[in-house]
Amino acid sequence: MANTKYVFVTGGVSSSLGKGIIAASLAKLLQARGYRVTIQKLDPYINVDPGTLNPYEHGECYVTDDGAETDLDLGHYERFLNTSTSQANNVTTGRIYQSVIEKERRGEFLGKTVQVVPHITNEIKERIQILGKSGNYDIVITEIGGTVGDIESLPYIEAVRQLKWELGDSNALVIHLTLIPYLSAAGELKTKPTQHSVKTLMESGIKADILVCRTEHELSEDLRRKLALFCNVRQEAVIQSIDASTIYDVPNLMLEEGLDKVVLKQLVLQDEDEPNLDNWNKFLHRHKNPKDEVTIGLIGKYVELQDSYKSILEAFIHAGAENEVKVNVVSIHSEYITDTTIKKKIAHLDGILVAPGFGERGIEGKIKAVQFARENGLPFFGICLGMQMAVIEYSRNVLGLKNACSVEVDAHTSDPVIDIMEEQKNITEMGGTMRLGSWDCELVEESKVFDAYGEKIIAERHRHRYEYNNTYKEQLENAGLRTTGVNPKTGLVEIIEIPDHPWFVGVQYHPEYKSTVANPHPLFIAFVKAAVTYSKHNISAKVSQG
Ligand code: GLN
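Residues numbered from 1 in each chain as written. Predicted model: local features only at pLDDT ≥ 70, side-chain atom pairs only at ≥ 80, totals over all residues. Heavy atoms only, no water.

### Observations concerning the packing of aromatic side chains
Part 1 of the argument: Taken as a whole and judged by the stated rule, the model has 15 aromatic pairs.
Part 2 of the argument: Ring geometry for Tyr6 and Phe8: centres 6.5 Å apart, planes at 10°, overall stacked.
Part 3 of the argument: Note on Phe381 and Phe524: the rings are 5.2 Å apart at their centroids and 70° apart in plane angle, and the pair reads as edge-to-face. A residue pair is termed long-range when its members are at least 10 positions apart, and Phe381 in strand β15 (residues 380-383) and Phe524 in helix α18 (residues 522-544) qualify at 143 residues. Of the two residues, Phe381 and Phe524, neither departs from the other in class, the shared state being buried.
Part 4 of the argument: Three or more aromatic residues joined by ring pairs make a cluster, and in this case those are Phe316, Phe381, Trp503, Phe524 and Phe527.
Part 5 of the argument: Across from the ring centre of Trp439, 4.9 Å away, lies the NZ or CZ of Arg435, which sits over that ring. (Phe/Tyr/Trp six-rings, centres within 6.5 Å; stacked < 30°, edge-to-face > 60°. Helix = DSSP H or I, 4+ residues; strand = E, 2+ residues; numbered from the N terminus. Buried < 20%, exposed > 50% of the residue type's maximum accessible area, 1.4 Å probe, protein only. Lys NZ or Arg CZ within 6 Å of the ring centre and 35° of its normal.)

Laid out in structure tokens, this is it:
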């Protein structure tokens with residue numbers, strides 16, 4: 001195809017309408033028709049990336065293969081499309097300004113006054129077109145974070161206006177996602193907020209081409225006609241997005257509404273062949289018709305906000321479907337796990353996952369949970385900090401190193417079984433300085449992880465500063481904590497296991513980032529399977545005990 005086409009997704013009326021899911025669903029439909037598609041997120045905040053944000057602020061920080069710390073929407077893009085994203089797929093206002101200011105310092109503006117228009121808007125336009133100019137994509141979908149009318153969004157909206165004008169209507173279009181609220185007292189759906197938000201967009205010179213309307217109730221033909229007339233779009237371009245029981249239903253809902261067809265028609269692209277969603281629908285069928293269920297405890301300290309562990313929760317959905325079981329995930333706050341509460345909180349579960357995290361808070365509760373799982377044969381999966389806690393627990397309670405700790409928690413511990421790497425010691429800047437992105441790992445053949453992956457060299461994504469301390473490796477191995485995955489270049493330990501436990505695996509990396517609908521993650525599949533086995537065994541044990 002000669003030139004790349006651009007689709008912009010803006011939001012109106014309210015935040016949290018799910019622009020990311022709509023963008024991902026449209027991309028899925030276009031991909032299922034054979035187009036090469038990618039999605040980009042532009043975030044109007046001043047942080048250079050979300051890496052320095054507390055999960056309570058903005059949910060999980062998602063990490064790409066190339067080590068970018070990004071918005072969690074990129075996780076949805078990868079899970080839907082099964083293709084890798086990169087640094088270029090997430091740009092923030094902070095990043096834009098940083099780059100313009102660096103250019104100014106280098107004298108690249110040749111003495112001109114540097115201004116929001118044209119310099120910031122030009123930088124935004126360039127960032128939008130980087131993916132298109134790579135030649136790798138037929139269609140680039142760009143999601144503009146925030147809500148139309150926000151002060152922060154203005155330069156982005158202006159950049160979209162200019163690009164639309166430069167590229168022309170058959171090469172660029174705008175989808176506006178809005179909310180149609182239902183007033184129960186009046187028993188009516190209301191279009192006025194949408195009319196206003198379309199008008200706000202119009203004041204910035206942008207005519208929405210397609211309206212996607214989030215709603216709790218079906219939009220009638222009359223209401224669609226009214227929206228089309230007052231918002232200046234064709235009636236077929238009024239798309240209903242009704243609340244769904246799972247985000248994975250949204251591509252099919254958008255297909256029924258014809259969103260992909262309207263997009264292709266305006267972009268003058270071939271729309272005859274129906275999208276092939278066979279594998280997607282097979283997954284959906286398994287997801288919705290589980291034959292059994294298991295309950296997993298997710299032990300972390302950001303559990304009040306579901307978005308903090310988004311990728312882990314989604315990975316359980318993929319692995320559950322693969323095993324044809326429903327995975328109930330119960331969140332357990334690690335701060336509340338004590339000797340007196342632990343049995344009540346954990347004993348009834350079929351497995352526990354000790355989550356990633358930073359800092360000291362809730363550490364001891366995590367260590368207690370690991371000990372309970374280890375001693376009771378309960379399936380255990382430790383991710384990043386969770387793996388580090390397993391090493392500390394083993395050192396303290398099996399090796400007898402009572403003070404064993406991570407230097408992140410106790411800088412002066414006599415037994416730093418989790419230590420800071422030499423390269424990290426002199427780093428003072430927080431942003432973008434951890435061990436990030438994809439790293440190779442070589443697996444030991446006789447191990448649970450090798451059984452799961454079925455290959456010797458794997459690559460997984462990292463985001464951490466501290467590491468397993470190899471000084472203790474021999475001692476730990478001799479005591480039964482096996483090292484089953486090591487980075488072939490650096491010798492850093494990436495995986496630990498207990499061979500004579502039903503399933504006890506800790507990984508220094510984040511497997512959850514690579515789990516997709518098309519490729520559920522092998523370790524999540526194996527962990528859920530172990531939980532199923534455990535739950536069956538547990539039931540028969542309970543029955544035989546009378
Ligand atoms: N805080 C730990 C470290 O930096 C673990 C990080 C994580 O769980 N992502 O090493």
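Moving on from the coordinates now.
### Observations concerning the packing of helix α14 (residues 363-376) against helix α15 (residues 385-397)
Part 1 of the argument: Where α14 contacts α15, the two axes come as close as 9 Å, and the packing angle between them is 70°. As summarised for this structure, α14 and α15 are arranged roughly perpendicular, according to the angle between their axes. Residues Ile363, Glu364, Lys366, Ile367, Val370, Gln371 and Arg374 of α14 lie in contact with α15, whose contacting residues are Leu385, Met389, Ala390, Ile392, Glu393, Tyr394, Arg396 and Asn397.
Part 2 of the argument: Here the contact of α14 with α15 is built from residues that sort into eight nonpolar, two polar and five charged. (Axes fitted to C-alpha atoms, helices over the stretch in contact; angles between N-to-C directions. Parallel < 35°, antiparallel > 145°, perpendicular 65-115°, else oblique. Contact = heavy atoms within 4.5 Å. Nonpolar A, V, L, I, M, F, W, Y, C, P; charged D, E, K, R; others polar.)

### A word on the sheet that holds strand β6 (residues 139-144)
Part 1 of the argument: If you trace the seven strands from one edge of the open sheet to the other, you get β5-β2-β6-β1-β7-β10-β11, paired in parallel fashion. The two strands at the open ends of the sheet, each matched to only one other strand, are β5 (90-92) and β11 (238-242). The mean angle between the axes of side-by-side strands here comes to 20°, regardless of whether they run parallel or antiparallel.
Part 2 of the argument: Judged from the six bridges that link them, strand β1 (residues 5-11) and strand β7 (residues 172-179) form a sheet pairing that is parallel. Paired with Val9 across the bridge in β7 is Ile175.
Part 3 of the argument: The sheet contacts of helix α5 (residues 116-133) involve β1, β2 (37-43), β5 and β6, and relative to β2 the element is tilted by about 165°. (Pairing = 2+ DSSP bridges.)

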